[in-house]
Amino acid sequence: MYAMASSSTRFRCLNAPPLRNAAKAVYINSSSVRGLATPAGEANPSDTTTTADASAAKPTKGRPTYFKDTPVPTLHEYLDIDQPLTPAEMLALRPRTAKVGKKEITRLPSWLKTSIPSPNTSAGFKAIKADLRGLGLHTVCEEARCPNIGECWGGSDKASATATIMLMGDTCTRGCRFCSVKTARKAKGAWDLAPLDPHEPENTAEALRRWGLGYVVLTSVDRDDLLDGGAAHFAETIAKIKSKSREGGGREIMVEALTGDFGGKLEMVDKVALSGLDVYAHNVETVDELTPQVRDRRATFAQSLKVLGRAKETVPSLITKTSIMLGLGETEPQLMDALRRLREVNVDVVTFGQYMRPTKRHMQVEEYISPQVFDAWKKRALEMGFLYCAAGPLVRSSYKAGEAFIENVLKKRRGVEGEGKGEKEVVVEV
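Residues numbered from 1 in each chain as written. Predicted model: local features only at pLDDT ≥ 70, side-chain atom pairs only at ≥ 80, totals over all residues. Heavy atoms only, no water.

Chemist: Got a minute to help me understand the nonpolar core in this structure?
Modeler: Soluble globular proteins: nonpolar side chains tend toward being buried together. Among the nonpolar cores identified, the biggest contains 32 residues, and Ile324, Leu326, Leu339, Leu342, Val350 and Phe352 are the most heavily contacted of them. Residue assignment for this core shows that the elements contributing at least two residues are helix H13 (301-314), strand S12 (319-326), helix H14 (332-344), strand S13 (349-354), helix H15 (371-383) and strand S14 (388-391). Counting residues per element, this core draws most heavily on H14, which supplies four residues. For Leu339, the contacting residues outside a window of four places in its chain are Ile324, Val350, Phe352, Trp377, Met384 and Phe386. The next biggest cluster of nonpolar side chains, apart from the first, holds 31 residues, and it includes Leu167, Ile241, Phe262 and Val307. (Core = buried A, V, L, I, M, F, W, Y, C linked by side-chain atoms within 4.5 Å. Buried < 20%, exposed > 50% of the residue type's maximum accessible area, 1.4 Å probe, protein only. Helix = DSSP H or I, 4+ residues; strand = E, 2+ residues; numbered from the N terminus. Contact = heavy atoms within 4.5 Å.)

Chemist: Hey, could you run me through the UniProt feature "binding site: [4Fe-4S] cluster 2" (unreviewed entry) in the protein chain in this one?
Modeler: The positions UniProt marks with the feature "binding site: [4Fe-4S] cluster 2" (unreviewed entry) are Cys172, Cys176 and Cys179. Position of Cys176 relative to the elements: it lies in the loop between strand S5 (171-172) and strand S6 (182-183). Taking the relative accessible area as the measure of exposure, Cys176 reaches 23% and is therefore partly exposed. When sequence neighbours within four positions are dropped, the list of residues in contact with Cys176 reads Val294, Arg295 and Asp296. According to the relative accessible area criterion, Cys179 is partly exposed, its value standing at 26%. (UniProt positions renumbered as here; feature names shortened; annotations may be inferred.)

Chemist: Sorry, what's going on with the packing of H13 against H14 here?
Modeler: Relative orientation and spacing of two packed helices are given, respectively, by the angle between their axes and the distance between those axes. Where H13 meets H14, the axes come as close as 9 Å, and the angle between the chain directions of the two elements is 30 degrees. With respect to H14, the axis of H13 lies roughly parallel. In the packing of H13 onto H14, the handedness of the crossing is right-handed. Packed against H13, whose contacting residues are Phe301, Leu305 and Leu308, the element H14 presents Ala338, Arg341 and Leu342 at the interface. Tallied by class, the residues present in the contact of H13 with H14 amount to five nonpolar, no polar and one charged. (Axes fitted to C-alpha atoms, helices over the stretch in contact; angles between N-to-C directions. Parallel < 35°, antiparallel > 145°, perpendicular 65-115°, else oblique. Left-handed = near helix turned anticlockwise from the far one by under 90°. Nonpolar A, V, L, I, M, F, W, Y, C, P; charged D, E, K, R; others polar.)

Chemist: Help me understand the state of the cysteines, please; the structure alone is not making it clear to me.
Modeler: When the sulfur atoms of two cysteines share a covalent bond, that bond is a disulfide. Tallied over the full model, the rule gives zero disulfides. A disulfide-free cysteine, Cys176 has its sulfur positioned 6.4 Å from the sulfur of Cys179, the nearest such atom. (Disulfide = S-S within 2.5 Å.)

Chemist: Would you explain the confidence of the model for the protein chain in this entry?
Modeler: Caution applies to low-pLDDT parts of the model: their predicted coordinates are not meant to be read in detail. Taken residue by residue, the protein chain gives an average pLDDT of 75. The fraction at 70 or more is 57%. Here residues 5-12 scores under 50 on pLDDT; set against residues more than four positions off or in separate chains, the count is two contacts. Contacts of residues 31-38 to residues separated by more than four positions or lying in other chains number 12 contacts, the stretch itself having pLDDT below 50. (pLDDT = per-residue confidence, 0-100.)

Chemist: Could you clarify how one ought to interpret the pairing of S12 in this entry?
Modeler: Within a regular strand, side chains alternate between the sheet's two faces. In terms of burial, S12 is largely enclosed, as eight of its eight residues are buried. The β-α-β motif built from S12, the intervening H14 and the parallel element S13 has right-handed crossover chirality. (Right-handed = clockwise from strand over helix to strand, strands pointing away.)

Chemist: Help me understand helix H10 (residues 231-246) in this model?
Modeler: A turn of α-helix holds 3.6 residues, and therefore any two residues three or four places apart point the same way. A rise of 1.5 Å per residue sets the reference length of H10, with its 16 residues, at 22 Å; its end C-alpha atoms lie 23 Å apart and thus fit the reference within 8%. Every buried residue belonging to H10 is among Ala231, His233, Phe234, Ala235, Thr237, Ile238, Ile241, Lys242, Lys244 and Ser245, and all of these are buried. Considering only its buried residues, H10 is in contact with strand S4 (164-167), helix H9 (200-211), strand S9 (215-220), strand S10 (254-258) and helix H11 (266-273). One or two residues past the end of H10 sits Gly248, with phi positive at roughly 75 degrees. (Expected span 1.5 Å × (residues − 1).)

Chemist: So what exactly am I meant to see when it comes to H14 here?
Modeler: For H14, built from 13 residues, the straight-helix expectation of 18 Å at 1.5 Å per residue is met to within 8% by its first-to-last C-alpha distance of 19 Å. Every buried residue of H14 is listed here: Gln334, Leu335, Ala338, Leu339, Arg341 and Leu342. Looking straight down H14, one finds that the buried residues subtend no more than 165 degrees of arc, so they occupy a single side. Turned more than 90 degrees off the buried face of H14, the exposed positions are Pro333 and Glu344. The inward-facing, buried residues of H14 abut H13, S12, S13 and H15. Once H14 finishes, Asn346 follows within two positions and takes phi at roughly 65 degrees, a positive value. (Arc of directions from axis to C-beta.)

Here it is, written out as structure tokens:
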């Protein structure tokens, strides 16, 4: 230890004043040293300086620098072209991220632009948001950054508005490459997730009772940390909503449940299907060929088909529903095959919507689909025997125009005549 202490005095900071001054002196008097590029037989050009010039030279302040005071080349000099670029030509050099038909563009097409919702412009929007915050509830409208939130929440009153409640928290155990919902981390073999809120079913039923809706949509994050995937929580929430809606002689709320695949545990699908809901929804999201690149590795197209088929087998009167995103690079034969396989398991309703990239960390958009193409796919789906199809750039799996149609179908099945307003909503094109 003493030897180390004694030797440590020999190491001094190179920035200490004596060493710094010595370095400056060496740098200033470098004229006496032959340059590295000077041949051995030639004189160093720096040796021709006079004594007067050497005495007149003053040491520079600060440390020596290697930066040169040279101007930065302009864009046309950098590209090695003769004439400067026009603004239109400079704009054409920007990276292109997507295409509309055969035309590549960087800006969103006009049909994908919507107004930004504001609580000051709609009483319904402000009221729904206040109820959600007061009861500590989450919605997929906010978590998934749905472009229709202003339209669905901004009805003239609460009864004409729609909000999709997201159960079991706001953090998912899956990591799909298109979804902006937060993903949980699995540290040391255990999920870092909070337990389920036991009051959530009651709070959800109370919020829906306040709104006075006739049709509601429930969805949830995937909870692979739970043994049943949250199926019992789903069933309890649906039962609470049904019972509260009947209190005081009110009309019964029709419930749609948009569930995950429960890890392939079909008995959990039975539990939700038998809970009293009216529509069982599960999204395949994309075609079979793109599923490994788009969805979490634990989700497959075949597994989603089994979930939809099992729900229909358990309760044949249930309306089954799924959703497909377009613009991910799918081809026409792939999409036709997906629709054919959905009909084989008796899926009743399908929706088509444009994939919108939530952030730069998510999958890129391969193509922006025009409204005319969406109309063509809607026509094909109806010709294949689907009960209903909602298709459009801004259509999502929970869209109130489709819900109005399904609500009237359920009423007809139960022998209840739909209201005049509801019948008009059925024929409105999405």
